[in-house]
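Spelled out from the first residue to the last, the chains are:
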Amino acid sequence: MADEISDAMVRVEAVDGKVDPISVSLDKLTTSVNQRFEKVDEQFEKIDERFEKVDERFEKIDKRFEKVDERFDALEAALIEQRQYTEFAYGQLDKKLGAGFSAVRADISRVEGKLDANISRLDANISRLDASISRLDANI
């Protein structure tokens, strides 16, 4: 049995001799993989930083669009107010023009009445003058 133990020990030492280089190789591979993962992590951190910068830029762009929207809203309100004022002013002008034209029509009617009266008096005076001239012609 001692021989068997001795053979087992020799085989364990032989396996141990083979395991040690494998263990060293595995340690090197693990270190290499860890280093690569660290590099990948660094790259992901850089990518995350870039995405944060992109997000910041989009936030700035969104703020600019909000300002543009506010300006358009203000412009729209100003245009609506201007239109309302224009419609009001046009209504007032229309009333004034209507009243003015009514006054002008009334004045024209009054002048026309006076003119008709004056023409009638003139016709009457011309008729008397014709009668007077006819009498004078008859007396001559």
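Preceding block: the structure.
Worth saying up front: this structure is predicted, and the values here are computed from it rather than measured. (Residues numbered from 1 in each chain as written. Predicted model: local features only at pLDDT ≥ 70, side-chain atom pairs only at ≥ 80, totals over all residues. Heavy atoms only, no water.)

## So, the overall build of the protein chain
Tallying secondary structure elements over the protein chain gives 1 helix and 0 strands in all. The principal-axis extent of the C-alpha atoms belonging to the protein chain is close to 195 × 25 × 20 Å. A total of 140 residues make up the protein chain; the buried ones form 0% of that total. Charge separation in the protein chain, taken as the distance between the mean sites of 23 positive and 32 negative side-chain charges, equals 14 Å. (Helix = DSSP H or I, 4+ residues; strand = E, 2+ residues; numbered from the N terminus. Buried < 20%, exposed > 50% of the residue type's maximum accessible area, 1.4 Å probe, protein only. Lys, Arg positive; Asp, Glu negative; His and termini not counted. Charge placed at Lys NZ, Arg CZ, Asp CG, Glu CD.)

## Overview of the environment of Asp-94
Residue placement: Asp-94 occurs in helix α1 (residues 2–139). Taking the C-alpha atoms as reference points, Asp-94 and Glu-112, separated by 18 residues in sequence, lie 26 Å from one another.

## Comments concerning a nonpolar patch on the surface
Where nonpolar side chains cluster on the molecular surface, the patch consists of Val-54, Phe-58, Ile-61, Phe-65, Val-68, Phe-72, Leu-75 and Leu-79 and spans about 740 Å² of accessible area. Taking relative accessible area as the criterion, Val-54 reaches 33% and is therefore assigned partly exposed. (Patch = residues over 30% accessible without salt bridge, like charges linked within 9 Å, V, L, I, M, F, W, Y side chains within 5 Å. Areas by Shrake-Rupley, 256 points an atom, 1.4 Å probe, with all protein chains shown as cover. Salt bridge = Lys/Arg side-chain N within 4 Å of Asp/Glu carboxyl O.)

## Some details on a positive patch on the surface
Residues Lys-46, Arg-50, Lys-53, Arg-57, Lys-60, Lys-63, Arg-64, Lys-67 and Arg-71 make up a contiguous surface patch of positive charge. For Arg-64, the position within the fold is in helix α1. Given a relative accessible area of 58%, Arg-64 falls into the exposed group.

## Some details on the environment of Gln-92
With respect to the helices and strands, Gln-92 occurs in helix α1. Residues Gln-92 and Glu-81 lie 11 residues apart in sequence; the distance between their C-alpha atoms is 16 Å.

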